[in-house]
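# Topology and contacts: notes
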Amino acid sequence: MKQFDKIRQEVGQCQSSMELAGYLEGIRVAASVFCKQHCLSEVMISQGGMLEDISIYGIVEFLESEVKIKD
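The rules behind each value
Residues numbered from 1 in each chain as written. Predicted model: local features only at pLDDT ≥ 70, side-chain atom pairs only at ≥ 80, totals over all residues. Heavy atoms only, no water. Salt bridge = Lys/Arg side-chain N within 4 Å of Asp/Glu carboxyl O. Helix = DSSP H or I, 4+ residues; strand = E, 2+ residues; numbered from the N terminus. Buried < 20%, exposed > 50% of the residue type's maximum accessible area, 1.4 Å probe, protein only. Pairing = 2+ DSSP bridges. Expected span 1.5 Å × (residues − 1). Contact = heavy atoms within 4.5 Å.

## Here we look at the pattern of salt bridges
Evaluated as defined, the whole model comprises four salt bridges. For Glu66, the salt bridge identified is with Lys2, shortest N-O distance 3.7 Å. Here Glu66 is found in the segment after α3 (56–64), whereas its partner Lys2 is found in the segment before α1 (3–11), with 64 residues between them in sequence. Look at Glu66 and you get partly exposed, because its relative accessible area is 46%. Assessed through its relative accessible area of 30%, Lys2 is described here as partly exposed.

## Some thoughts on the pairing of strand β2 (residues 51–54)
For a regular strand, side-chain orientation follows a simple rule: the groups alternate between the two sheet faces. Where strand β1 (residues 43–45) and β2 come together, three bridges link them in antiparallel fashion. Within β2, the position partnered with Met44 by the bridge is Asp53. The turn joining β1 and β2, which pair antiparallel and follow one another in sequence, is formed by five residues; a positive phi near 90 degrees is taken by Gly49.

## Looking at helix α2 (residues 17–38)
A turn of α-helix holds 3.6 residues, and therefore any two residues three or four places apart point the same way. Taking 1.5 Å of rise per residue, the 22 residues of α2 would be expected to cover 32 Å, and the 31 Å separating its terminal C-alpha atoms lies within 8% of that figure. Along α2, the residues that are buried comprise Ile27, Ala31, Ser32, Phe34 and Cys35. Elements in contact with the buried residues of α2: α1, β1, β2 and α3.

What follows is the structure, encoded as structure tokens:
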């Protein structure tokens, strides 16, 4: 299952706008972590080493990636 499919299912279960906003922010954080590990060219890092932004292409790479099943 791709991240996109998992996210699509979970977004439909959100019960409030606050819950949805938090979930969407979580997607961005998860995509940033994914890109720092798998496609570094899609993240913008400050001179101090802090993540500044992620490209739309990076987010798409994350959404198209397979969900990893935790044991």
